[in-house]
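# Summary of the model geometry
Single-letter residue listing:
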Amino acid sequence: MSNDPVPLGPTYLEQAHFNTLAAGAGDEAAIAALRRSERSWRLIVLRALLDACVARADARGPLAPITDAWHLLVQAHGAAPESTEDVLAQPQVGIWAAHTLRRLGDDTDTPVPLWLDVGYLHALAAASAARAGLSFELDIPARQGAAVLPTVGSASVPPDVPVVGVRARDGQVDIETGARTVRCLPGDPDWHEPVVIEVRAGGVGLRVELLDRDVYRDLRGPSSPQPLPAAEVARWRANLAAAWKLLAGEQPDRALAISAIVRTLAPVPRRERFRPLSASGAEAFGGILLSEPDDAVELAVTLVHESQHHKLGAVSHLLTLCEAGDLRYYAPWRDDPRPLPGILQGAYAFAGITQFWGVHRIQAPPGDRAAADFEFALWRRQTLDVLRMIAASGRLTAHGQRFVETLHMDLKTCQDDPVPAAALAAADAAALDHRAMWRGHNIRLDPADRDALASAWQHRVPAAEAVLAVGAAKVLAEPPPGLLDARAVLRRHLLVDPDAFGRVRAAPDEVGDRVEGATAADLALVTGDVERARAGYLGELRQDPSRVHGWVGLGLTQIDRPADPATRALLGCPELILAVVQGLRSRGSATVAPDPLELAGWVGRGLPDRQFDTVDPAGWPAA
């Protein structure tokens, strides 16, 4: 492969950096290059925001003109460029800038005055000037009882106060709220220092700020301050120290990359076990929104996951890797259909996760290895399948084709790594389960095709004729929550904590209280009681024949019979079975599916004799 730079017009990405990043890694030089490009991106966005605000009378409100704030920011940069650069590079600054630019370009009414959003630039200028040791006076917005100086701290103010004054003299910074003056010192009860966590292991350090008061900490939009209780901060410190010890000890190169990327964590409440929430965005390089982790391993995986997103997001600011288009594709890590750029983002993230598990499973304590083997086998299979799908989509640019081929070649080196048979079988079942659930949950036939299938079933027309007549299907653009991973989550409970799983097994009718979406039939399936599981799924379908969960579960009970037409339909195209059910209902038929296996077998005999676990590279239009 050529060592020439990848051309980018006026700038470029070194070929060596491109290759390193495309392989899912990221050394110090490659990450530094991304940070430089993200700095340029951020400054362009700030300039665009400033220009857009100058012409808007409602952008000022009771604050000083935005040009005054900008001049103070420039002055601070001249006095202390490193600290000002640090302020501007904060992830929440990117979230704020993107949100405010969208507001400036959209005249939709909102109860929040525009100046409250624009005024965050005043807070950035004040924070930069305070860190530079300048003397100044500048008003900044306060929102919902908090006046924030990013990277400096925040003051608690009366909730009805919209503006406070920041005054700095001889290195002392005060915030005047009208009711009192808050001294920006640790001894003032209304002043709150940033919650900073620093950890070090194996010679590699990580420094992050826990964002709990900044209104722009959440990628999903401005959010109320949520101060973290001391006990929760202590848990974050302990989990981060343990996660970092694991990462730096087992995968020091990856830890170095994460250390160079991640700046802030925005905590949200703990979620159901094995269903954590995490997110990052291209406009917020280095920031992660995440739920409180269950343990250090989960946090380590999240750091890997989201740092991968940041790398690819920064690369995507430099290079167009794929066409967006209107089609949607299968994502094994999501319930909903995704556009191709989102699929590529997910594949890149889960390539990193696969690489993480590939190392961790070798070094994990004996009691943790079965779970680690399962995760490695599952994400290796899912990610390789999706990378093949992306490569065959026909929607990659030349840069994108090289990127995906490099990533696929690197990940493919672990394809033949041995995995215990039990873990491999469980991973294969989980992959088939999710894919079939996704199809049944998201794919919709044209109503005419649906009704024709139902009529063919009623008259027992050979299924091949009816199935071949089905036209192009569509997928739901915004499907309701599907809980497609319920059986996989149950499997994780069994692998990670067998004792706790035993207590769940003792009360099968209450399993849904522990794992939302799971049923007693799922519990039987995961524990190997196939006959009880089959009876349970048939019972579910008698009660509700439109339940995707029951149809796919029934297919999993005969996963050892892939040649059976019923298995082929249940796990390969459950949307056709569901279309018959829906068509019968639309035709007013009282008898929907007197025998689910008979209906599945009829549909399966009409399907081509092919593997039912392939991923369709063609995609679907959104309904």
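The structure we're discussing is the one just above.
Residues numbered from 1 in each chain as written. Predicted model: local features only at pLDDT ≥ 70, side-chain atom pairs only at ≥ 80, totals over all residues. Heavy atoms only, no water.

## Description of unusual backbone geometry
Excluding glycine, a negative phi dihedral is what most residues carry, and trans is how most peptide bonds are arranged. Phi is positive for phenylalanine 274, which is not a glycine, with a value near 70 degrees. Counting through the fold element by element, phenylalanine 274 comes out in the loop between strand E12 (264-268) and strand E13 (278-279). Phi is positive for arginine 460, close to 55 degrees, though the residue is something other than glycine. Positionally, arginine 460 belongs in the loop between helix H15 (447-458) and helix H16 (463-468). (Helix = DSSP H or I, 4+ residues; strand = E, 2+ residues; numbered from the N terminus.)

## Description of the nonpolar core
Of all hydrophobic cores here, the largest spans 131 residues; its most connected members are Trp244, Leu247, Leu265, Ile390, Leu453, Leu599 and Trp602. Setting aside residues no more than four positions away along its own chain, tryptophan 602 makes contact with Leu453, Ala456, Trp457, Arg460, Val461, Pro462, Ala463, Ala466 and Val580. (Core = buried A, V, L, I, M, F, W, Y, C linked by side-chain atoms within 4.5 Å. Buried < 20%, exposed > 50% of the residue type's maximum accessible area, 1.4 Å probe, protein only. Contact = heavy atoms within 4.5 Å.)

## Notes on the packing of helix H21 (residues 530-543) against helix H22 (residues 548-556)
Two packed helices can be described by the angle between their axes and the distance between those axes. Running from N to C, H21 and H22 point in directions that differ by 150 degrees, and their axes come no closer than 9 Å. Classified by the angle between their axes, H21 and H22 sit roughly antiparallel to one another. Note on packing geometry: the crossing formed by H21 with H22 is left-handed. Seen from H21, the contacting residues are Arg534, Tyr537, Leu538, Glu540 and Leu541; seen from H22, they are His549, Gly550, Trp551, Gly553 and Leu554. Classifying every residue of the contact of H21 with H22 gives 5 nonpolar, 3 polar and 2 charged. (Axes fitted to C-alpha atoms, helices over the stretch in contact; angles between N-to-C directions. Parallel < 35°, antiparallel > 145°, perpendicular 65-115°, else oblique. Left-handed = near helix turned anticlockwise from the far one by under 90°. Nonpolar A, V, L, I, M, F, W, Y, C, P; charged D, E, K, R; others polar.)

## Considering the sheet that holds strand E7 (residues 172-176)
Taken in spatial order, the 4 strands of this open sheet run E3-E6-E7-E8, and their pairing is antiparallel. Strands with a single pairing partner mark the edges of an open sheet, and in this sheet they are strand E3 (136-141) and strand E8 (181-183). Sheet twist, expressed as the average angle between the axes of neighbouring strands with direction ignored, equals 25 degrees. Sheet topology places strand E6 (residues 163-169) next to E7; 5 bridges connect them, and they run antiparallel. Bridged to arginine 169 within E7 is glutamine 172. Contacting E3, E6 and E7, helix H7 (residues 120-132) runs over the sheet at an angle of about 145 degrees to E3. (Pairing = 2+ DSSP bridges.)

## Overview of the pattern of salt bridges
A complete count under the given rule lists 38 salt bridges for this structure. Among the ionic pairs, arginine 263 bridges to aspartate 86, the shortest N-O distance being 2.8 Å. Of this pair, arginine 263 sits in the loop between helix H9 (252-261) and E12 while aspartate 86 sits in helix H4 (residues 81-88), and the two are 177 residues apart along the sequence. The partner of glutamate 292 in a salt bridge is arginine 270, with the nearest N and O atoms 3.1 Å apart. (Salt bridge = Lys/Arg side-chain N within 4 Å of Asp/Glu carboxyl O.)

## Some thoughts on H21
Over its 14 residues, H21 runs 20 Å from end to end, which matches the ideal 20 Å to within 8%, given 1.5 Å per residue. Every buried residue belonging to H21 is among Ala533, Arg534, Tyr537, Gly539, Glu540 and Leu541, and all of these are buried. Taken together, the buried residues of H21 touch helix H17 (486-496), helix H20 (520-526), H22 and helix H25 (596-604). (Expected span 1.5 Å × (residues − 1).)

## Comments concerning the packing of helix H14 (residues 421-442) against H22
Contact geometry for H14 and H22: axes closest at 9 Å, N-to-C directions at 145 degrees. Crossing hand, H14 versus H22: right-handed. Contact residues: H14 offers Ala429, Asp433, Ala436, Met437, Gly440 and His441, while H22 offers Val548, His549, Val552 and Leu556.

## Considering the sheet that holds E13
Strand pairing in a sheet relies on backbone hydrogen bonds. The paired strands run either parallel or antiparallel. Spatially, 5 strands are ordered E10-E11-E12-E14-E13 in an open sheet, and the strand pairing comes out mixed. In this open sheet, the two strands that pair with only one neighbour each are strand E10 (195-201) and E13.

## Some words on the packing of aromatic side chains
Applying the stated rule across the entire model yields 10 aromatic pairs. Centroid distance tryptophan 457 to tryptophan 602: 5.7 Å. Interplanar angle 65 degrees. Geometry classified as edge-to-face. Pair noted here: tryptophan 457 is in helix H15 and tryptophan 602 is in helix H25, with a separation of 145 residues, a long-range link. Here tryptophan 457 matches tryptophan 602 in class, with each residue buried. Here the aromatic residues Phe18, Tyr348 and Phe403 are joined through ring pairs into a cluster of three or more. (Phe/Tyr/Trp six-rings, centres within 6.5 Å; stacked < 30°, edge-to-face > 60°.)

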